[in-house]
Every structure is written in C-alpha cells, then in structure tokens.
Amino acid sequence: MIDPNGLCDALERARAQARPIERLSASHPGMTLDDGYRVQEEGIRRRLSAGDRIAGYKMGLTSRAKMEQMKVDVPIMGVLTEGMRAAPGKAFVMRGLIAPRVEPEIAFVLGRELKGRVSAEEALSACSGVCAALEIIDSRYTAFSFSLPDVVADNCSACAFALGPVSPPAGLSLAGLKIELLLGDKVVQAGSSDAILGHPAQSLAELSALLASRGEAIPAGSVVLSGAATQAVALPVWTEVRATVAGLGDARVQTRG
Ligand code: OOG
Ligand code: MG
C-alpha cells in the first residue's frame, strides 16, 4: 500500500522548490498505475482547495514518438487547471521550473459533456472547437526518468498550456495534418496528426473511456490536449515558441527568465 498523501507531499515539495526527486517507484517498487492516479488525484485536490479550477484534461504518450522518447507505452491522462493556462500575449515566466520541455499538440474544446465509451466520430461531435496548442511539460523527477505509475502520479508532467485560435470542427478534416514546432523561425520538430492514435479524436475517445472507468464524464467547456505528435524539446528562455497545425493556425508562447 502506498500513502498518496506522503507521495503527493514529495512531488509538491519538488515542484515548489524546483528540485527534482528520484522516481517514486524506486522506493515503492510495488506501486501500480491505480496508485499513480491516486497520487495525481490528491495533487489536484490540493490545487483546487488552494483556489485553482479545472480547465480540462491532457492525454499523454498517444504517439509512437513520445512513447519511444519516454520509454513508456500506454496512453495516460492528467488534469489541466486554469492556473496552467498561459495567458495570451503575456510572457511565459520560466523561473521556478525544473527542466521544462515543449511539444506541439492539437486541443479540443467540448461543447457538451462527453461520457462513456464512444467512437472517434462521436467524440468529435461533442466538440465546439479545435485548435493548435503548445504544451509545456516539466517533470518533477530527475532527468524525466520515470515509470508509468510515476508519471501519472506527477500529473503526467503537466506544467502549462497555450491555445491558438479555436475553430469549429464541423467540416474540418483532422486527418494527416502537418504539425510543426518552431523555436524562433526554426522548425525543430515535425509530425502528422495521424501520429496521435491514428486520429486526434481517437485520443479524446480514449480519455472518455478512461474517465468512464471511474464513473466520470468530460464536462462541457473542458479543454482536452490530445497528446504530442512529436518528441518534446527543451524550452529555451527568451524565445518565441510556436506550434503550427496545417489548416488550424498556431499557438504561441514567448518565454522569459
Ligand atoms: C509525459 C507527458 C506526455 C504527451 O503529450 O505525450 C505528454 C512526459 O513526456 O513527461 O504530455
Ligand atoms: Mg503533452
């Protein structure tokens, strides 16, 4: 048995002090994926009691590129809060982070609640919007080294997210869209929307199924990050970072120290 409170304390301390810790499974070898979700839930409960609000969810490890980079091979979910939303037009402050990385994503905005096991088409029909997004991840573990239960406990390395202009999904095809990550004018990663579980809406459907297994639904208004189509790269300071998705536009963040 693990102590979700104690493990959450260790992760919260690492985050607050910007000092990474050794992965929890090293000292708790029996830790399961469910244990990881228990620690994650405790972390979210603490954020909410400190006044933060849920903005939505993130799917992680939904592409081969990410699975290979992180050496973990099952999609996972984390929770996004309003405190993680990078305010448009405001510089993103890197001070206080551990070793942030950035990755290009496609995000959905739910127009109505999505519940249960659904197809990708049904998942998409619940959306009022879709957009390019940037996710900034920051592991609380040394050198982003973790097992599946560890990364789930750490809320899937969630740190911040930025959304581009939101388009209505009706009439848009999300298949085979080119996705690029740019630092300044330089393309540093490129991939395709097909890399996200075959289609990004499939990631939304998987989230719905994951939540359904706990008796939960995705509320209307939620933002859902479908997972990076490419590997993440180290986030540099004093740089304009952009995720572009063909036909959807781009999400931007300007970093500062
Ligand atoms: C885990 C988070 C993965 C994604 O988009 O696949 C993720 C990590 O890489 O530290 O956000
Ligand atoms: Mg991500």
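The structure contained in this document is the topic of the report that follows. (Residues numbered from 1 in each chain as written. Chains lettered and ligands numbered in written order. Predicted model: local features only at pLDDT ≥ 70, side-chain atom pairs only at ≥ 80, totals over all residues. Heavy atoms only, no water.)

1. Things to note about the coordination of the magnesium ion (ligand 2)
At step 1: Only Glu103 (OE), Glu105 (OE) and Glu135 (OE) from the protein reach the magnesium ion (ligand 2) as donors, at distances of 2.0 to 2.1 Å.
At step 2: Taken in chain order, the donor set of the magnesium ion (ligand 2) reads E-x1-E-x29-E. In this pair, Glu105 sits in strand S4 (residues 101-110) while Glu135 sits in strand S5 (residues 127-137), placing the two residues 30 residues apart along the sequence.
At step 3: Residue classification places Glu105 among the buried residues on the basis of a relative accessible area of 0%.
At step 4: For Glu135, a relative accessible area of 1% puts it in the buried group. (Donors = N, O, S within 2.8 Å, 3.2 Å for Na, K, Ca; no water. Helix = DSSP H or I, 4+ residues; strand = E, 2+ residues; numbered from the N terminus. Buried < 20%, exposed > 50% of the residue type's maximum accessible area, 1.4 Å probe, protein only.)

2. Things to note about the packing of aromatic side chains
At step 1: Scanning all chains against the criterion turns up 1 aromatic pair.
At step 2: The ring of Phe144 has Arg101 lying over it, and the distance from NZ or CZ to the ring centre is 3.8 Å. (Phe/Tyr/Trp six-rings, centres within 6.5 Å; stacked < 30°, edge-to-face > 60°. Lys NZ or Arg CZ within 6 Å of the ring centre and 35° of its normal.)

3. Topic: the nonpolar core
At step 1: The biggest cluster of nonpolar side chains holds 69 residues, and the ones touching the most others in it are Phe108, Leu134, Leu204 and Ile218.
At step 2: If one sorts the elements of this core by residue count, S5 sits on top with 6 residues.
At step 3: Once residues lying within four places of it in the same chain are set aside, the contact partners of Phe108 are Leu124, Cys127, Gly129, Val130, Leu174, Pro200, Ala201, Leu204, Ser222, Val223, Val224 and Ser226.
At step 4: Among the nonpolar cores identified, the runner-up in size contains 10 residues, and Cys131, Ala158, Phe161 and Leu225 belong to it. (Core = buried A, V, L, I, M, F, W, Y, C linked by side-chain atoms within 4.5 Å. Contact = heavy atoms within 4.5 Å.)

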